[in-house]
Amino acid sequence: MSTMIQQEVSVYILAGGHSTRMGSDKGLVLLNQKPMIRYVLDLARFFSESIYIVSNQPGYAEFGIPVLSDEIPDLGPAGGINSLLRHSRTRKNLVLVCDMPFLKMQTIQHLIEKSVSYDISHFTEQAFIHPFPMVITTSCADQWNELLESGHRKMQDFFQHFAVQTLHAEPELTHSPEQFQNINDPKALEAAGKQIRA
């Protein structure tokens, strides 16, 4: 990724969920002897020097990455996005999540390159919406906050109010069908470990 793009994009990794299905913090569980969020951090470094973890959990301080607390806790991903938009100092923001360790650099690069004229860019797979990874412009901050305060929580509800680009995920999945998997329970974690070791 060029230095120019690295300067124009901040990366925020959402890690604020309750991880009820996993039983412990998803980003901190070990996947093949490495905290799951570490896979996402390694990917993020290709795209920006400005990387932040969005979480209220103290355990993320160990990674040496600035941790941004949710301004309003317990509002899910929409609340995390609200916090990062109000924090960001770059025009574009790449939003990743801590439980998607299989994303590929080429997929993220394609997403960023195609996001030029849109408020929000993300992938879809047939009729299924993949909110993350997402590229969102900081200019969305005020309206996003207004929608959050009015009670909106679902990503689809927010998307209706912005210029959104949806990219087809199928070409990205041809060679890496596991890319958009969310590893959010022990069974999925075990299967992901086997995939990595295969």
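Just so it is clear, the model here is predicted, and its values are computed rather than measured.

Student: Which residues make up the sheet that holds strand β4 (residues 51-54), and what values go with them?
Tutor: Pairing is mixed across the open sheet formed by 7 strands, whose spatial order is β5-β4-β1-β6-β8-β7-β9. Each of the sheet's edge strands pairs with one partner strand only, and the pair in question is β5 (67-68) and β9 (164-168). Here helix α2 (residues 36-44) sits on the sheet and contacts β1 (9-14), β4 and β6 (92-97); the angle it forms with β1, its principal contact strand, is near 175 degrees.

Student: I'd like to hear about the nonpolar core, residue by residue, with values.
Tutor: With 54 residues, the main nonpolar core has Ile13, Ile81, Leu94 and Trp144 as its most contacted residues. Excluding residues that lie within four positions of it along the chain, Leu94 makes contacts with Val9, Ser10, Val11, Tyr12, Phe47, Ile108, Leu111, Ile112, Pro133, Met134 and Val135. The next biggest cluster of nonpolar side chains, apart from the first, holds 9 residues, and it includes Leu31, Met36, Tyr39 and Ala192.

Student: Please set out the packing of aromatic side chains residue by residue, giving values where relevant.
Tutor: Summed over all chains, the structure comprises 5 aromatic pairs. Ring geometry for Tyr12 and Tyr52: centres 5.0 Å apart, planes at 20 degrees, overall stacked. Taken together, the residues Tyr12 in strand β1 and Tyr52 in strand β4 connect sequence positions 40 residues apart. What links up through ring pairs into an aromatic cluster is the set Trp144, Phe158 and Phe162.

Student: Can you break down α2 residue by residue, with the values?
Tutor: Burial analysis of α2 places 7 of its 9 residues in the buried class, the great majority of the element. By the burial criterion, the buried members of α2 are Met36, Ile37, Tyr39, Val40, Leu41, Leu43 and Ala44.

Student: Could you give me a rundown of the environment of Phe159, with the residues and numbers involved?
Tutor: Secondary-structure assignment places Phe159 in helix α6 (residues 155-159). Once the C-alpha coordinates of Phe159 and Trp144 are considered, the two residues, 15 residues apart in sequence, prove to be 9.7 Å apart. Residues contacting Phe159, with those up to four places away along its chain left out, are Ile120, His122, Ile129, Pro131, Met134 and Val164.

Student: Give me the lowdown on the pattern of salt bridges, citing residues and values where you can.
Tutor: Counted under the stated rule, the structure contains 5 salt bridges. Lys34 is the partner of Asp42 in a salt bridge, and the nearest nitrogen-oxygen pair spans 3.3 Å. On the basis of relative accessibility, which here comes to 32%, the residue Asp42 falls in the partly exposed class. Salt bridges here are not isolated pairs; linked through shared partners, they connect Lys34, Asp42 and Arg45.

Student: Outline the side chain of His122, supporting the account with residue identities and numerical values.
Tutor: If you trace the backbone, His122 turns up in strand β7 (residues 120-125). Here the side chain of His122 touches His130 through a polar contact of 3.2 Å, landing on its backbone oxygen. For His122, the contacting residues outside a window of four places in its chain are Leu111, Ile129, His130, Pro131, Pro133, Phe159, Val164, Gln165, Thr166 and Leu167.

Student: Before we move on, could you go through the packing of helix α3 (residues 76-87) against helix α5 (residues 141-149) and cite the residues and values that matter?
Tutor: Contact geometry of α3 with α5 gives a least axis separation of 9 Å together with a crossing angle of 150 degrees. For the element pair α3 and α5, the recorded crossing hand is left-handed. Between α3 and α5, the residues in contact are Ala78, Gly79, Ile81, Asn82, Leu85 and Arg86 and Ala141, Trp144, Asn145 and Leu148, respectively. Tallied by class, the residues present in the contact of α3 with α5 amount to 6 nonpolar, 3 polar and 1 charged.

So, how was this worked out
- Residue numbers run consecutively from 1 along every chain, following the written order of its sequence.
- The predicted origin of the model limits local features to residues at a pLDDT of at least 70 and limits the giving and counting of side-chain atom pairs to 80 or more, whereas totals for whole chains, interfaces and linings rest on all residues.
- Processing note: side-chain calculations cover all non-hydrogen atoms of the structure and skip hydrogens and water entirely.
- Note on pairing: DSSP must find at least two bridges between two strands before they are called paired.
- Secondary structure elements follow DSSP: runs of H or I of four or more residues count as helices, runs of E of two or more count as strands, with numbering from the N terminus.
- Two residues form a contact once any of their heavy atoms are found within 4.5 Å.
- Here, axes are lines fitted to C-alpha atoms. For helices the fit covers the stretch in contact, and angles between N-to-C directions go from 0 to 180 degrees.
- Think of a nonpolar core as a cluster: buried Ala, Val, Leu, Ile, Met, Phe, Trp, Tyr and Cys residues, connected wherever their side-chain atoms sit within 4.5 Å.
- Each residue's exposure class comes from its accessible area (1.4 Å probe, protein chains only) as a fraction of the maximum for that residue type: buried when under 20%, exposed when over 50%, partly exposed otherwise.
- Pairing of aromatic rings covers Phe, Tyr and Trp, the last counted by its six-membered ring, and requires centre-to-centre distances within 6.5 Å; plane angles under 30 degrees mean stacked, over 60 mean edge-to-face, and any other angle means tilted.
- Salt bridge, as used here: a side-chain nitrogen of Lys or Arg that lies within 4 Å of a carboxyl oxygen of Asp or Glu.
- Two N or O atoms count as a polar contact when they lie within 3.5 Å, although within protein this holds only if one can serve as hydrogen donor and the other as acceptor, and sequence-adjacent residues are included solely when both atoms are side-chain atoms.
- Here a crossing is called left-handed whenever its near helix is offset anticlockwise from the far helix by less than a right angle, and right-handed whenever the offset is clockwise.
- Asp, Glu, Lys and Arg are counted as charged, while Ala, Val, Leu, Ile, Met, Phe, Trp, Tyr, Cys and Pro are counted as nonpolar; the rest, among them Gly, fall into the polar class.

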